[in-house]
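# Analysis of the macromolecular model
This is what each chain is made of:
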Amino acid sequence: MTSYPWQAGTATGIGSYPGDDPAEALRIVLGELPGLPHLPELPARGPGADLTGRTAGLLVDLPIHLEPSGWRFSDRPGLDTLRSRDHLARDLDVLEEAADGHDGPFKIQVCGPWTLAATIELRHGDRALKDPGAVRDLAASLAEGVAAHVADVRRRLPAAEILLQLDEPGLPAALAGTVPTASGFSRLRAVEEPVAEEALRTVIEAAGAFPIVHCCARNVPYALLRGAGAKAISVDLSLVPRRDEDAVGETIDAGTALLLGAVRATDTVLPSLRATAEPVRALWRRLGFPPARLADQVVITPACGMAGASPRYVRDALEHCRETARMIYEAAD
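Once a new chain begins, its residue numbering starts again from 1 and follows that chain's sequence as written. Since the coordinates come from a predicted model, pLDDT governs what is reported: local features require at least 70, and pairs of side-chain atoms require 80 or more to be given and counted, while whole-chain, interface and lining totals use all residues. For side-chain calculations, the full set of non-hydrogen atoms in the structure is used, while hydrogens and water are omitted.

This part takes up the packing of helix H3 (residues 79–98) against helix H5 (residues 132–156). A fitted line through C-alpha atoms represents every axis, and for helices the fit uses only the stretch in contact; the resulting angles, taken between N-to-C directions, go from 0 to 180 degrees. The helix and strand labels rest on DSSP assignments: H or I over at least four residues marks a helix, E over at least two residues marks a strand, and numbering proceeds from the N terminus. Across the interface, H3 lies against H5 with an axial gap of 9 Å and an inter-helix angle of 25°. By the criterion of interaxial angle, the relationship of H3 to H5 is roughly parallel. Our pair here, H3 against H5, has a crossing hand that is right-handed. Between H3 and H5, the contacting residues are Leu88, Leu92, Asp93, Leu95 and Glu96 on the first element and His149, Asp152, Val153 and Arg156 on the second. Between 65 and 115 degrees an angle is taken as roughly perpendicular, under 35 as roughly parallel, over 145 as roughly antiparallel, and anywhere else as oblique. Each crossing is labelled by how the near helix is turned from the far one, with a counterclockwise turn of less than a right angle marking it left-handed and a clockwise turn marking it right-handed. We call two residues contacting when some pair of their heavy atoms lies within 4.5 Å.

So, about the sheet that holds strand S8 (residues 257–263). If you trace the six strands from one edge of the open sheet to the other, you get S3-S5-S6-S7-S8-S9, paired in parallel fashion. Two strands lie at the open edges of the sheet, namely strand S3 (105–111) and strand S9 (298–302), each paired on one side alone. Neighbour-to-neighbour, the strand axes of this sheet turn through a mean angle of 25°, independent of strand direction. The pairing of strand S5 (residues 161–167) with strand S6 (residues 210–214) spans five bridges and is classified as parallel. Note on S6: the bridge partner recorded for Leu163 is Phe210. Against the sheet, helix H7 (residues 193–207) touches S5 and S6, its axis set at about 165° to S5. Strand pairing is defined by DSSP finding a minimum of two bridges between the two strands.

Turning our eyes to something else, we now look at H5. With 25 residues, H5 extends 36 Å from end C-alpha to end C-alpha; this agrees with the ideal 36 Å at 1.5 Å per step. Between a side-chain oxygen at the N-terminus of H5 and the backbone nitrogen of Gly133 the separation is 2.9 Å; the capping residue is Asp131. Multiplying one less than the number of residues by 1.5 Å gives the expected span of a helix. Each polar contact in these results corresponds to two N or O atoms within 3.5 Å; when the atoms are within protein, one needs to be able to donate a hydrogen and the other to accept it, and residues that are neighboring in sequence are counted only if both atoms are side-chain atoms.

Within a regular beta strand, the side chains point alternately toward one face of the sheet and then the other, so they alternate between its two faces. When accessible area is computed with a 1.4 Å probe and restricted to protein chains, residues below 20% of their type maximum are described as buried, those above 50% as exposed, and intermediate ones as partly exposed. Counting buried residues in S8 gives six out of seven residues, a clear majority hidden from the surface. Here five bridges tie strand S7 (residues 232–236) to S8, and the two strands are oriented parallel to one another. If you follow Val235 over to S8, its bridge partner there is Leu260. If you view a crossover with the strands going away from you and the path from the first strand over the helix to the second runs clockwise, you call it right-handed. With helix H9 (residues 245–253) bridging S7 and the parallel S8, this β-α-β connection has right-handed handedness. In the sheet, S8 pairs with S9 via five bridges, with the strands oriented parallel. Within S9, the residue paired with Leu259 across the bridge is Val299.

With that settled, the discussion passes to the packing of H9 against helix H10 (residues 273–287). Two numbers describe how H9 lies on H10: the axes approach to 10 Å, and their chain directions differ by 85°. In this view, H9 runs roughly perpendicular relative to H10, as classed from their interaxial angle. For the pair H9 and H10, contact is made by Glu245, Val248, Gly249 and Ile252 and by Leu283, Trp284, Arg286 and Leu287, respectively. In the scheme used here, Gly and all other residues not listed as nonpolar or charged are polar, with Ala, Val, Leu, Ile, Met, Phe, Trp, Tyr, Cys and Pro taken as nonpolar and Asp, Glu, Lys and Arg as charged. When grouped by side-chain class, the residues that make up the contact of H9 with H10 number five nonpolar, one polar and two charged.

All right, on to the environment of Ala159 then. Mapping Ala159 onto the fold places it in the loop between H5 and S5. Judged by relative accessible area, which is 44%, Ala159 ranks as partly exposed. Linking Ala159 and Asp100, residues 59 residues apart in sequence, is a C-alpha distance of 9.2 Å. In contact with Ala159, not counting residues within four places along its chain, are His102, Asp103 and Gly104.

Here the focus is the packing of aromatic side chains. We call Phe, Tyr and Trp rings a pair once their centres come within 6.5 Å, taking the six-membered ring for Trp, and we label the pair stacked below 30 degrees between planes, edge-to-face above 60, and tilted otherwise. Under the defined criterion, the tally for this structure stands at three aromatic pairs. Pairing Tyr4 with Trp6 gives two aromatic rings, centres 5.5 Å apart and planes at 5°, and the pair type is stacked. With a relative accessible area of 5%, Trp6 lands in the buried category. Considering the side-chain rings of Trp6 and Phe210, the 5.7 Å spacing of their centres and the 85° angle between planes classify their relative orientation as edge-to-face. Of this pair, Trp6 sits in the segment before helix H1 (22–32) while Phe210 sits in strand S6, placing them 204 residues apart in sequence.

With 20 residues, H3 extends 28 Å from end C-alpha to end C-alpha; this agrees with the ideal 28 Å at 1.5 Å per step. Here H3 has its buried residues at Asp80, Thr81, Ser84, His87, Leu88, Asp91, Leu92, Val94 and Leu95. Seen from one end, H3 has its buried residues packed into an arc of 165°, which puts them on one side. Exposed residues lying more than 90 degrees from the buried face of H3 are Leu79, Asp86 and Glu97. Here the buried face of H3 lies against H1, helix H2 (51–56), strand S1 (64–67), strand S2 (70–73), S3 and H5. Within this analysis, the arc is defined by the directions that extend from the helix axis to the C-beta atoms.

Spelled out as structure tokens, the structure:
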């Protein structure tokens, strides 16, 4: 049986939270998700704390700055690049103090190369995704920067096993050719699957951490992600249509883990634990896998990042994820 870096019956978060206090966010994560905590992201802090800006600060020799239209490559590092790096440096300082001695798995998140390429503009204004050469440079720069980031986290948490989550919400649109041009009047040419897989593999192999790819969109390319080296795939369970279940089954059969977003990420009245667990169990039953494998191979998460939730709901939802995972594990005994 495949071994995973977490214990059976584990829950975790996706990445983002409300607020602007990294110490408070990390305290909640460590308290509510002890089996698989992660580094919180706080986009409410402003530019450079968002998904694209935060990861762009890791790029090597590819500085960025903020335009009214969004992030754009620059000739030299400026205030926006420094702000991105400062946010992350502060988060890591807080992590080193708050999680001192942590000796289990610990997850960090960065934006993947295709979502970055779809959201950063070249110097003349087109999206980087339009230029295959620019995308190759971006993937190589990201691979180098992420490897350094993983090494920095390992230095601060020497007893932990580091898991790296690549966030790729924009990948299905890049593959489908539905990403709009900078003007919005047309669409960029579809990216070929082998090209997409190679760029992801470049980053995954350089990082040297347990690789997870998160894609909270429809049409998740499961086989492509496995081919790129993902050992776990994170999805919003409510967006998994029946037509994708063969691909999900092949993923489970290959030993790839699933992080299933089973709890709504924005404020709602939470259902019973049994009602939350049932769609997870139902999927597993339909695919015909042994119940005993479910708690090992599946991690329960919110449906997506929780930046739009209230602080009180965040605590309740994370506890709900944790208790749902525990119930699934105990039911399999």
